[in-house]
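Structural description and commentary
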Amino acid sequence: MLISLRQINKVYHMESVDVPALRNVSTDISAGEFVAIMGHSGSGKSTLLNLLGCLDMPDSGSYHLDGEQISGLDADALATIRNRKIGFVFQNFNLLPRTTAEENVELPLYYGLPMRSADRRARARKLLSRLGLEGRMKHHPGQLSGGQQQRVAIARALVNQPPLILADEPTGNLDSRSADDIMALFQELNREGITIVMVTHEPDIARFAKRVITMRDGEIT
Amino acid sequence: MNGLMIIKIALRALARNKGRSLLTALGIIIGIAAVIAVVAVGQGASTNMKAQISSMGNNLLMIFPGSQNAGGFRGGSGTQQTLKVEDGEAILQECRFVTAMTPVIRTGVQCIFRENDWATQIQGVNTQYPKIRNWEIVSGDFFTEADIKSATRVCVLGKTVAAQLFQSEDPVGETIRIRNMPFRVIGVMAAKGTSAFGQDQDDTIIAPWTTVRRVLDKSKFNNVNQLLCSLTSMDNLTLARNDVSAILRQRHRIDGEDDDFTIMDMTEVTQMITQVSSLMTILLTVIASISLLVGGIGIMNIMLVAVTERTREIGLRLALGARRRDIMRQFLVESVVLSGVGGIIGIGLGVSAAYILGAVNHWPVVISPGSVLIALTFSAGVGIFFGFYPAWRAARLNPIESLRRE
Ligand SMILES: Nc1ncnc2c1ncn2[C@@H]1O[C@H](COP(=O)(O)OP(=O)(O)OP(=O)(O)O)[C@@H](O)[C@H]1O
Ligand SMILES: [Mg+2]
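Calculation notes
Residues numbered from 1 in each chain as written. Chains lettered and ligands numbered in written order. Predicted model: local features only at pLDDT ≥ 70, side-chain atom pairs only at ≥ 80, totals over all residues. Heavy atoms only, no water. Phe/Tyr/Trp six-rings, centres within 6.5 Å; stacked < 30°, edge-to-face > 60°. Helix = DSSP H or I, 4+ residues; strand = E, 2+ residues; numbered from the N terminus. Buried < 20%, exposed > 50% of the residue type's maximum accessible area, 1.4 Å probe, protein only. Pairing = 2+ DSSP bridges. Patch = residues over 30% accessible without salt bridge, like charges linked within 9 Å, V, L, I, M, F, W, Y side chains within 5 Å. Areas by Shrake-Rupley, 256 points an atom, 1.4 Å probe, with all protein chains shown as cover. Salt bridge = Lys/Arg side-chain N within 4 Å of Asp/Glu carboxyl O. Expected span 1.5 Å × (residues − 1). Contact = heavy atoms within 4.5 Å. Buried area = accessible area lost by both parts, 1.4 Å probe. Near = heavy atom within 4 Å. Polar contact = N/O pair within 3.5 Å; in protein donor to acceptor, adjacent residues only side chain to side chain. Nonpolar A, V, L, I, M, F, W, Y, C, P; charged D, E, K, R; others polar.

Residues and elements named next belong to chain B. Enumeration over the complete set of coordinates arrives at 7 aromatic pairs over all chains. Ring centres 4.1 Å apart and planes at 35° place the aromatic pair F113 and F166 in the tilted group. Of this pair, F113 sits in strand 2 (residues 98–113) while F166 sits in helix 6 (residues 159–166), and the two are 53 residues apart along the sequence. Comparing F113 with F166 shows no difference in burial state: the two are buried.

In structure tokens:
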């Protein structure tokens, strides 16, 4: 099992009310799966993805990732896991502005094992050309289309060769053509063995996944 | 991430807002430049001063008539008629630390050679004078004991007087008129430059004291403006001063009341100068601290702005695997680079300003590597100190909230 969640609870405390975002969530995702998480707005999809991404901690329950117990690790250990095991793809791409595509892709390598700068550059360029961005290495995000920006972001997610990719509405800001391209790319990556967990509320997009998890009011149905 | 890489990234981040970075660093730039320039000029002046003090003579002890009042060395010293040549001779005989003594009798004179005339000061001294003042004769000779005994009308010219009366000619052997009396020039003194008190020491004529007293002043009294003594060594300074004081008090029959003479040595002159320069150091430190403080607050302010502006970037870096210390280091290095570059620019400006000031005013300028190093250390220190809080704020950010920020 790549991911194993048991009895996960997460409550957001507001001034007067407690908002339960996740309630007794238990699920397993094995290596090589392509999962879409669906559900209404506010059902807890992003909260779950943030927990899977080690960006947040559950209030209770246990989370094992790639055989490792995550609950209870300190911030630095979580950072290392994010760097080695997880690639993030965001709805709004989150590329550094005024920074070239290749430099954006190199970013995770700075926080990993020491590496020569020429090797970093070579790795970034190889990935970018694989994703069809040969001519766009020196372009800034502002000089790229939405689909191209998302492909740069995917290259960045892949650069540390993580086993898992987490994507929160990766096509939310794209037109349907680009969205389909990105999904085709995800399927290709999945075929190569990368596990993908993706949040979406569009059935057309969820269709590309092998399995759909549906959430309602913080619970998996 | 290696150090060079981090600095490169910091420089790049700062270069994105060139104008803002420059304005922020301005406080540091101005502060460091001011300190470097003033220290350079001040050190030049003090080096000059030290050279001037040592140019006054070897192991010198100066005795002036008149008492010393509470305010220190009094302006009117040398005007009272209480100190005599005989006092000096007694000191030379009785104090074993005094190796040489000369009286100094000063009076203003007008001197003429052909169509040139010049107002200067004549000093009546004895034959020990060149040795005591450590002052060489470059041409001709100094006068002898015989000249003193018979009050001969001979004189030795300082460089300035020689130049005024003779231009480039050799004055030795010529006769000049001092107060309309003919004097034979027998020698010329080496150039000595400005004294620690700012006078041109070469603008003088030196003659036997007897000649000045009897012939020029037409006086039968032996009172002097000053007695100059050479000591065996500065180690015996206190003993020598006590001896001299005791001898003079006994000769002047002073018992209990105030002394009617003042003894000064080079340590006092040095002290006076050190006092001025230490006051300057305090002033400078205050200026430097204030400008570095203001500069530092500016840096803190702009770094806080940068952290707010780049919250999304911080969230992203955290998501990609940056640890808190990576974020902390990134912003700390940025503020240190900002203040450090400001410091370097400040040093450059300060050094240029010092040389320009020195060239325009003919001041000596000394740039010590120490002051440059201290300036650099302090500017980097300001960056660390004032960059710490913004960097800590950045490192403490929550990745999810930061990523959601617009
Ligand atoms: N930081 C927070 N503070 C308080 N409540 C929060 C916070 N984040 C999420 N919530 C609440 O937790 C619940 C789940 O939110 P979550 O963002 O996971 O929903 P979602 O399924 O991703 O919705 P959407 O499809 O709109 O993105 C919601 O009720 C939301 O209001
Ligand atoms: Mg969401």
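As a further point, take the sheet that holds strand 6 (residues 86–89) of chain A. All names here are of chain A. Spatially, 6-7-8-3-9-10 is the arrangement adopted by the 6 strands of the open sheet, whose pairing is mixed. Taken across any chain shown, the strands that pair with only one partner, and hence form the sheet edges, are strand 6 and strand 10 (219–220). Of the pairings in the sheet, the one linking strand 7 (residues 164–168) to strand 8 (residues 195–199) comprises 5 bridges and is parallel in character. Within the sheet, the bridge partner assigned to L164 lies in strand 8 and is T195.

Right, let's talk about a nonpolar patch on the surface for a bit. All names here are of chain B. Side chains of I7, L11, L22, V341, I345 and L349 sit close together on the surface and give an oily, nonpolar patch of about 490 Å² of accessible area. At the level of secondary structure, the elements contributing two or more residues to the nonpolar patch comprise helix 1 (3–16) and helix 11 (324–361). At 3 residues, the largest contribution of residues to the nonpolar patch is made by helix 11. Here L22 lies in helix 2 (residues 18–55).

The terminal C-alpha atoms of helix 11 of chain B, which comprises 38 residues, lie 54 Å apart, in line with the 56 Å expected from a rise of 1.5 Å per residue. Phi turns positive one or two residues past the end of helix 11 of chain B, at H362(B), with a value near 60°.

Bring the parts together and some accessible area is lost; that lost area is often taken as the interface size. Opposite the 21 residues of chain B that make contact, chain A presents 23 residues. It is R16(B), L320(B) and I400(B) that lose the most area in chain B upon contact with chain A, and together they represent 27% of the buried surface on that side. Taken together, the links from chain B to chain A amount to 2 salt bridges. R12(B) is paired through a salt bridge with E103(A); the nearest N and O atoms lie 2.8 Å apart.

Next up on the list: the site of ligand 1. Around ligand 1 sit 14 residues, and of these S41(A), G42(A), K45(A), S46(A) and T47(A) come closest. Near ligand 1, the surrounding residues belong to chains A and B. The side chain of S41(A) places a nitrogen or oxygen atom 2.5 Å from an oxygen atom of ligand 1. Within the backbone of G44(A), an N or O atom sits 3.0 Å from an oxygen atom of ligand 1. Calculation on ligand 1 without its partners gives an accessible area of 630 Å², and the protein chains cover 68% of this total. Elements with a contribution of two residues or more to the shell around ligand 1: strand 2 (18–29) and helix 1 (45–52) of chain A. With 3 residues, helix 1 of chain A is the largest single contributor of residues to the shell around ligand 1. Residues of the shell around ligand 1, tallied by class, amount to 4 nonpolar, 7 polar and 3 charged.

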